[in-house]
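Per-entry structural report
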There are 2 protein chains.
Amino acid sequence: MFLSKSFGYALRGVLYIALVDKEGRKVQLDEIAEKLSVPRHFLAKIMKMMVKEGILSSTKGPYGGFYLNEVTLKTKLIQLVKITDGVEQFNICVLSLRKCNSKNPCPLHFQMLKLRDGMLAEFSAKKLGDLLDEKNPDFIKTISTIA
Amino acid sequence: MFLSKSFGYALRGVLYIALVDKEGRKVQLDEIAEKLSVPRHFLAKIMKMMVKEGILSSTKGPYGGFYLNEVTLKTKLIQLVKITDGVEQFNICVLSLRKCNSKNPCPLHFQMLKLRDGMLAEFSAKKLGDLLDEKNPDFIKTISTIA
DNA sequence: CCCATAAAAGACATTGATATCTTTTTAATA
DNA sequence: TATTAAAAAGATATCAATGTCTTTTATGGG
């Protein structure tokens with residue numbers, strides 16, 4: 001409804017790495033996909049996007065895998081949304097009217113604007129690191145249990 | 001992002017009828033589709049859904065068409081969302097976690113809940129009739145201009 | 001009762017998001 | 001430098017949302 005599945009996979013992927021990355025070990029795609037019950041190859045694409053955008057790192061080859069870098073946990077959620085969903089669509093009018101704006105508003109313009117601004121504010125304030133609940137021993141289960 | 005295109009078409013369709021329905025005349029699909037620049041047959045499906053759900057009326061045959069009934073303008077927006085998008089998806093976790101709820105929340109649960117509740121509140125309060133801006137002579141242009 | 005009109009119904013097509021599979025590139029280390 | 005592990009890249013497949021076309025049904029008027 002609000003965001004794509006890709007966004008969810010991306011977020012869960014990063015959080016999973018963060019949780020097992022304590023010792024700095026790299027985490028492999030297979031492990032992430034399996035633990036989170038996410039389609040392996042699809043997840044690969046999404047992880048790749050994050051690496052390309054620099055909010056996550058990876059190395060190929062033996063002992064390779066994905067790992068956090070300096071910016072990972074400081075990354076704002078909105079940044080992740082940009083990568084997976086793009087922010088343009090935040091400005092799309094619910095009624096698909098291209099000329100809809102605050103000067104020439106559609107009947108739902110201000111209501112949707114309020115919602116969007118609320119979401120943008122939330123997602124601009126929160127960082128990935130803020131979502132880690134390290135005091136909760138079952139946190140990893142929380143982001144893994146899909147069914 | 002927030003709602004389907006179908007919702008937008010449905011809303012614009014009803015509003016269009018409301019605007020030209022002053023004299024109680026019925027409005028035909030072709031006119032609505034043309035004026036709103038919406039794919040005719042797709043709009044047909046959506047109008048049909050509204051008729052089936054009783055928030056709009058229609059008659060077939062010569063001089064037939066769509067027209068408002070007693071409930072149309074009293075219909076809450078949320079009702080329209082139910083018809084076009086279904087409300088179930090309002091409760092779907094952004095991270096696609098089925099067991100996500102307030103007792104066992106995903107890392108974004110409460111943020112999304114807040115947004116959802118805000119949207120539900122807005123859409124439960126507003127009626128279709130509330131969206132008619134009869135003082136604005138260009139209102140019909142507003143809901144028609146897509147490009 | 002027949003004709004014309006317009007919605008209803010349902011079959012079919014397209015597209016974009018989601019998902020899978022295969023090949024290529026990179027990197028570690030023996 | 002050969003081997004092998006793992007990500008990167010890209011081709012292909014599936015599915016649901018969106019969009020189009022065709023046939024059927026209902027209705028008003030001649």
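Quick look at the structure, then. (Residues numbered from 1 in each chain as written. Chains lettered and ligands numbered in written order. Predicted model: local features only at pLDDT ≥ 70, side-chain atom pairs only at ≥ 80, totals over all residues. Heavy atoms only, no water.)

**Some thoughts on the interface of chain A and chain B**
Across the boundary between the two partners, chain A contributes 40 residues, which contact 40 residues of chain B. Counting each side, the surface lost to burial between chain A and chain B is near 3800 Å², with a carbon and sulfur contribution of 70%. At the boundary of chain A and chain B, one finds two salt bridges. Across the salt bridge formed by Lys-114 of chain B and Glu-122 of chain A, the nearest N and O atoms sit 2.7 Å from each other. Inspection of the region where chain A meets chain B yields two residue pairs in polar contact (both at pLDDT 80 or more). When residues of the side of chain A that touches chain B are traced back to their parent elements, those giving at least two are helix H1 (5-20), helix H5 (109-125) and helix H6 (139-144) of chain A. Among the elements that take part in the side of chain A that touches chain B, H5 of chain A stands out by supplying nine residues, more than any other. Tallied by class, residues from the side of chain A that touches chain B come to 24 nonpolar, eight polar and eight charged. (Contact = heavy atoms within 4.5 Å. Buried area = accessible area lost by both parts, 1.4 Å probe. Salt bridge = Lys/Arg side-chain N within 4 Å of Asp/Glu carboxyl O. Polar contact = N/O pair within 3.5 Å; in protein donor to acceptor, adjacent residues only side chain to side chain. Helix = DSSP H or I, 4+ residues; strand = E, 2+ residues; numbered from the N terminus. Nonpolar A, V, L, I, M, F, W, Y, C, P; charged D, E, K, R; others polar.)

**Things to note about the protein's contact with DNA strand D**
By nearness alone, 26 residues border DNA strand D, and Leu-29 and Ser-58 of chain A together with Pro-39, Lys-45 and Pro-62 of chain B come closest of all. Near-protein atoms of DNA strand D (within 4 Å) split between backbone and bases, with sugar and phosphate holding 62%. Within the side chain of Lys-48 of chain A, one N or O atom sits 3.4 Å away from a base nitrogen of DNA strand D. Contacts to DNA strand D include Lys-45 of chain B, whose side-chain N or O atom sits 2.8 Å from a base oxygen. A breakdown of the residues in the surface near DNA strand D according to their chemical character gives ten nonpolar, ten polar and six charged. (Near = heavy atom within 4 Å.)

**Concerning empty space enclosed by the protein**
If you walk through the whole model with that rule in mind, you get one cavity of 30 Å³ or more. A volume near 50 Å³ is recorded for the largest cavity. Every residue lining the largest cavity is listed: Leu-97, Lys-99, Cys-100, Asn-104, Pro-105 and Cys-106 of chain A together with Lys-141, Thr-142 and Thr-145 of chain B. A per-class count over the lining of the largest cavity returns four nonpolar, three polar and two charged. (1 Å grid on protein atoms, 1.4 Å probe; cavity = no way out; pocket = protein on both sides within 12 Å on 5 of 7 lines; lining within 4 Å. Points joined across faces, edges and corners; volume = space filled by probe spheres on them.)

**Some words on the relation of the copies chain A and chain B**
When chain A is fitted to chain B, the best match, at an RMSD of 0.0 Å, comes from turning it 180° and sliding it 0.0 Å along the axis. The two molecules are tied by a two-fold rotation axis, judged by turn and shift. Measuring from the rotation axis to each C-alpha of chain A, the shortest distance belongs to Phe-2 of chain A, at 2.6 Å. Taken together, the interface assignments show that 100% of the residues at the interface of chain A recur at the interface of chain B, consistent with an identical surface on both copies. (Least-squares fit on C-alpha atoms with pLDDT ≥ 70 in both.)

**Details of the state of the cysteines**
Covalently bonding the sulfur atom of one cysteine to the sulfur atom of another cysteine gives a disulfide. Residue and element names in this part refer to chain B. With the rule as written, the count across this model stands at zero disulfides over all chains. Here Cys-93 is not cross-linked by a disulfide; its sulfur's nearest cysteine counterpart is in Cys-106, at 3.7 Å. Relative accessible area serves as the criterion here: at 7%, Cys-93 is assigned to the buried category. (Disulfide = S-S within 2.5 Å. Buried < 20%, exposed > 50% of the residue type's maximum accessible area, 1.4 Å probe, protein only.)

**Regarding the protein's contact with DNA strand C**
With respect to spatial proximity, 24 residues lie near DNA strand C, and among them Pro-39, His-41 and Lys-45 of chain A together with Leu-29 and Ser-58 of chain B are the closest. Atoms of DNA strand C within 4 Å of the protein belong to the sugar or the phosphate in 63% of instances, the rest to bases. A distance of 3.3 Å separates a base oxygen of DNA strand C from a polar backbone atom of Pro-62 of chain B. Sorting the residues of the surface near DNA strand C by element identifies H1 and helix H3 (40-52) of chain A together with helix H3 (40-52), strand S1 (57-59) and strand S2 (65-67) of chain B as the ones contributing at least two each. Residue composition of the surface near DNA strand C, by class: nine nonpolar, nine polar and six charged.

**Side note on the packing of helix H4 (residues 77-84) of chain A against H5 of chain A**
Two quantities define a packed helix pair, namely the angle between the helix axes and the distance between the axes. Residue and element names in this part refer to chain A. At a minimum axis separation of 5 Å, H4 and H5 run at an interaxial angle of 110°. Viewed along their axes, H4 and H5 adopt a mutual orientation that is roughly perpendicular. Together, Leu-77, Ile-78 and Val-81 of H4 and Leu-120, Phe-123 and Ser-124 of H5 make up the contact between the two elements. Residues that form the contact of H4 with H5 fall into these classes: five nonpolar, one polar and no charged. (Axes fitted to C-alpha atoms, helices over the stretch in contact; angles between N-to-C directions. Parallel < 35°, antiparallel > 145°, perpendicular 65-115°, else oblique.)

**A word on the environment of Lys-48 of chain A**
By the secondary structure assignment, Lys-48 of chain A is in helix H3. A sequence separation of 18 residues divides Lys-48 of chain A from Phe-66 of chain A, and the C-alpha atoms of the two residues are 9.5 Å apart.

**Some details on the nonpolar core**
By size, the foremost hydrophobic cluster in this structure holds 98 residues, and its most contacted members are Leu-11, Leu-108 and Phe-123 of chain A together with Leu-11, Leu-108 and Phe-123 of chain B. Not counting residues within four places of it along the chain, the set of residues in contact with Leu-108 of chain B comprises Phe-7, Leu-11, Leu-77, Phe-123 and Leu-131 of chain A together with Val-94 of chain B. (Core = buried A, V, L, I, M, F, W, Y, C linked by side-chain atoms within 4.5 Å.)

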